[in-house]
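Close look at the chain arrangement
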Amino acid sequence: AEELQGAGPALACDEYGCRIYCRLLEHAAEDESTVRLLDSALAEVDVLLTHPFGHHVVEGVLEHGLARQRGEIISALRKGVVRAAYSRPGAYVLEK
């Protein structure tokens, strides 16, 4: 995960980059470098929620991420639940 530092939300919104995030979450969610990488991506959680590929990262964090990270996502959903519900990717996150 250290090699990906600085990639942030751009990689999380990539067709293949989102899969890297998901695998890191499944296998190393509590690793310090993975946590830093996810924190930088979650700075743009509003974008990720409704992005065709970014929503996979958000779902992965909800399933495997730290409680603090899940809280950030839930807070963003509370602020924009209607916007999320009207987008297909956002609806997938709400189902999680």
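In what follows, the accompanying structure is described. (Residues numbered from 1 in each chain as written. Predicted model: local features only at pLDDT ≥ 70, side-chain atom pairs only at ≥ 80, totals over all residues. Heavy atoms only, no water.)

A closer look at the side chain of histidine 55
Looking at where histidine 55 falls in the secondary structure, it is placed in helix H5 (residues 54-64). Residue class for histidine 55 comes out buried when judged on its relative accessible area of 4%. Excluding its chain neighbours within four sequence positions, the residues that come into contact with histidine 55 are Leu48, Leu49, Pro89, Tyr92 and Val93. (Helix = DSSP H or I, 4+ residues; strand = E, 2+ residues; numbered from the N terminus. Buried < 20%, exposed > 50% of the residue type's maximum accessible area, 1.4 Å probe, protein only. Contact = heavy atoms within 4.5 Å.)

Concerning helix H3 (residues 32-42)
The complete set of buried residues in H3 reads Ser33, Thr34, Val35, Leu37, Leu38, Ala41 and Leu42. Its buried side turned inward, H3 meets helix H1 (8-12), helix H2 (17-28), helix H4 (45-50), H5 and helix H6 (67-79).

Topic: the pattern of salt bridges
Following the criterion strictly, the structure yields four salt bridges and no others. When the shortest N-O distance is used, the salt bridge between glutamate 26 and arginine 23 registers 3.1 Å. In this pair, glutamate 26 and arginine 23 are both assigned in helix H2, three residues apart and thus about one turn of the helix distant. Residue classification places glutamate 26 among the partly exposed positions, given a relative accessible area of 39%. Taking the relative accessible area as the measure of exposure, arginine 23 reaches 42% and is therefore partly exposed. (Salt bridge = Lys/Arg side-chain N within 4 Å of Asp/Glu carboxyl O.)

Some details on the nonpolar core
Counting 23 residues, the largest nonpolar core has Tyr21, Leu48, Leu49 and Ile73 as the members making the most contacts within it. Elements supplying a minimum of two residues to this core: H1, H2, H3, H4, H5 and H6. If we ignore the near neighbours within four places in the chain, the residues touching tyrosine 21 are Gly8, Leu11, Ala12, Leu37, Leu38, Ala41 and Val57. (Core = buried A, V, L, I, M, F, W, Y, C linked by side-chain atoms within 4.5 Å.)

Brief notes about the side chain of glutamine 69
Relative to the assigned elements, glutamine 69 resides in helix H6. In contact with glutamine 69, other than residues within four places in its own chain, are Val35, Leu38, Asp39, Leu42 and Val61.

Remember, this is a structural readout, not a statement about activity or role.
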